[in-house]
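Overview (structure and organization)
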2 protein chains.
Amino acid sequence: MIMEPRLYTTSADYVYQELRHQIVTKQMKPGQRLPEVNIAVQMGVSRTPVREALRRLASEGLVLIIPNSGARLASPTRREMEDTYAVREQLECISVGIAATRISERNLRRLDDSVLEEEKAFEEKNLELYLEVNENFHRIIAESSGNRVLAEYVENILARTNAYVVFYDPFYDIDDNPSIAHHKGIALALKEKNSEKAVKLMREHLKLSLSDLNKPA
Amino acid sequence: MIMEPRLYTTSADYVYQELRHQIVTKQMKPGQRLPEVNIAVQMGVSRTPVREALRRLASEGLVLIIPNSGARLASPTRREMEDTYAVREQLECISVGIAATRISERNLRRLDDSVLEEEKAFEEKNLELYLEVNENFHRIIAESSGNRVLAEYVENILARTNAYVVFYDPFYDIDDNPSIAHHKGIALALKEKNSEKAVKLMREHLKLSLSDLNKPA
DNA sequence: ACATGAATACATGCATGCTATCACAGATAC
DNA sequence: GTATCTGTGATAGCATGCATGTATTCATGT
């Protein structure tokens with residue numbers, strides 16, 4: 001499996017992606033302090049781009065910044081996760097509902113591809129790839145809604161919820177991953193242009209994702 | 001009327017608020033370039049806090065940043081505004097629906113106060129105050145939902161839509177402002193704990209707000 | 001007149017150093 | 001023992017300078 005290198009245009013972008021990577025791959029503990037200098041030294045850059053990356057992560061709710069005090073990794077409570085999923089449900093349901101009425105053939109194919117990749121990543125137990133592809137599935141749907149603003153918000157909340165992986169293990173039930181089956185169902189509903197069905201399945205899918213957060217990390 | 005000074009903890013925060021003020025009070029044209037140095041000189045600070053403020057505004061969709069090139073004020077198309085309002089409708093409807101089931105007496109009073117202030121600001125034709133109070137009405141409801149994440153997203157989209165004031169004149173119909181009447185209706189529905197009614201009124205209210213964007217600036 | 005390309009002016013991205021503020025430990029008072 | 005004060009170290013906020021990339025202008029050729 002060839003891991004394509006992360007692409008970035010600026011140092012700040014690099015730091016952002018790298019930090020996000022470290023969070024998702026459980027290299028950091030929720031609530032831990034994130035001093036600018038430490039990160040700067042570790043990544044071989046100055047504090048400036050680190051500051052920028054931290055603020056971006058803060059806008060996604062992954063990092064908490066206290067003025068004049070510093071940044072620390074978020075440590076969402078069970079309640080906060082539920083709240084986040086409540087919002088995500090709203091955004092994604094409207095997103096998939098609209099997408100069903102206007103998704104292009106090309107995006108339907110991209111959706112199928114993404115499900116295939118997802119299965120592969122799951123078999124290989126490649127956590128990072130799995131999350132990335134999983135996220136991509138939802139991203140394609142949001143894009144297909146044709147509402148740019150909506151897509152932007154979905155993107156933001158995907159970043160939040162994906163970080164919650166720190167709290168659970170998506171490979172816990174070794175042979176069983178209903179999530180992929182759900183994605184297949186949603187993709188099918190979109191092919192059929194069945195808006196109601198797509199929304200219903202998406203809602204169920206997200207309820208399940210939330211309950212997954214109970215699986216041991 | 002005593003205009004309380006804007007409060008801020010850091011220079012970056014000051015620049016952020018000041019820029020936002022200038023946008024809302026129509027001192028800047030949509031699409032105009034926003035060079036860091038210009039702003040820095042104008043506000044008597046260095047480029048660093050200006051950069052930070054610009055990125056924050058970008059996360060609210062008010063400013064467009066092109067890497068290595070610069071920032072410019074957003075110039076949303078009619079389509080983008082509609083898209084934004086579609087998202088806002090989703091977020092605010094769920095927000096007011098939940099709020100109706102659990103809003104505190106204290107917040108009900110704050111809501112009433114905010115409507116009164118709104119009427120006063122409208123009579124005085126005080127644009128900035130009017131917008132601030134208007135925004136506050138929606139903010140109180142979002143807070144009352146008890147969902148912090150939802151409140152955060154509502155806050156963000158309020159910032160976006162309020163900036164659209166650049167494109168229209170809320171005092172265009174001199175004697176008539178149905179928006180305030182709507183707010184009264186929503187506040188009443190909340191008092192009655194009538195969730196359905198509150199959602200319905202909020203939806204109508206936002207549809208109207210969107211159509212208001214046709215009024216000449 | 002128009003397109004192409006080089007030169008120049010300009011703006012951003014980043015590194016670095018200084019200053020103001022905060023967090024924490026130890027001391028002091030009660 | 002608890003609470004409050006105080007000093008010291010650590011950390012973020014900001015200013016500044018340099019390097020890099022972008023936009024604009026103007027010359028050149030067709």
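Calculation rules
Residues numbered from 1 in each chain as written. Chains lettered and ligands numbered in written order. Predicted model: local features only at pLDDT ≥ 70, side-chain atom pairs only at ≥ 80, totals over all residues. Heavy atoms only, no water. Least-squares fit on C-alpha atoms with pLDDT ≥ 70 in both. Contact = heavy atoms within 4.5 Å. Pairing = 2+ DSSP bridges. Helix = DSSP H or I, 4+ residues; strand = E, 2+ residues; numbered from the N terminus. Domains from an automatic or database assignment. Salt bridge = Lys/Arg side-chain N within 4 Å of Asp/Glu carboxyl O. Polar contact = N/O pair within 3.5 Å; in protein donor to acceptor, adjacent residues only side chain to side chain. Nonpolar A, V, L, I, M, F, W, Y, C, P; charged D, E, K, R; others polar. Near = heavy atom within 4 Å. Expected span 1.5 Å × (residues − 1). Buried < 20%, exposed > 50% of the residue type's maximum accessible area, 1.4 Å probe, protein only. Arc of directions from axis to C-beta.

The transform that puts chain B on chain A rotates by 180 degrees and translates by 0.0 Å along the axis, for an RMSD of 0.0 Å. Such a combination of turn and shift is consistent with a two-fold rotation axis. Of all interface residues in chain B, 96% are interface residues in chain A too; the two copies therefore contact each other through one and the same surface.

Time to look at the pairing of strand β1 (residues 63–66) of chain A. Residue and element names in this part refer to chain A. Of the pairings in the sheet, the one linking β1 to strand β2 (residues 70–73) comprises 4 bridges and is antiparallel in character. From the neighbouring strand, Ile-66 faces β2, where its bridge partner is Gly-70. As consecutive antiparallel partners, β1 and β2 are separated by 3 residues, and within that stretch Asn-68 has a phi angle of approximately 65 degrees, a positive value.

Residues and elements named next belong to chain A. You can read the domains of chain A as domain 1 (11–73) and domain 2 (78–212). Spacing between the C-alpha centres of domain 1 and domain 2 amounts to 26 Å. At the interface, 12 residues of domain 1 touch 15 residues of domain 2. Taken together, the links from domain 1 to domain 2 amount to 1 salt bridge. Put simply, domain 1 and domain 2 have 5 residue pairs in polar contact (both at pLDDT 80 or more) between them. The greatest single-element share of the side of domain 1 that touches domain 2, amounting to 4 residues, is contributed by helix α1 (residues 11–24). Its residues assigned to classes, the side of domain 1 that touches domain 2 comprises 5 nonpolar, 4 polar and 3 charged.

With respect to spatial proximity, 20 residues lie near DNA strand C, and among them Ser-11 and Ser-46 of chain A together with Glu-36, Arg-51 and Arg-55 of chain B are the closest. Close to the protein, within 4 Å, the atoms of DNA strand C belong to sugar or phosphate groups at a rate of 70%. Ser-46 of chain A has a polar side-chain atom sitting 2.4 Å from a phosphate oxygen of DNA strand C. Contact distances for DNA strand C include 3.0 Å between a phosphate oxygen and a backbone N or O atom of Glu-36 of chain B. Counting residues per element, the ones that place at least two in the surface near DNA strand C are α1 and α3 (47–59) of chain A together with α3 (47–59) of chain B. Across the surface near DNA strand C, the residue classes break down as 6 nonpolar, 9 polar and 5 charged.

This paragraph deals with α3 of chain B. All names here are of chain B. With 13 residues, α3 should cover 18 Å at 1.5 Å per step; its first-to-last C-alpha distance of 19 Å lies within 8% of that length. Those residues of α3 that fall on the buried side of the exposure criterion are Pro-49, Val-50, Ala-53, Leu-54 and Leu-57. Down the axis of α3, the smallest arc covering the buried residues is 140 degrees, so these residues share one side. The inward-facing, buried residues of α3 abut α1 (11–24), α2 (36–43), β1 (63–66) and β2 (70–73). Note on α3: the residue one or two positions beyond its end, Gly-61, has a positive phi of about 80 degrees.

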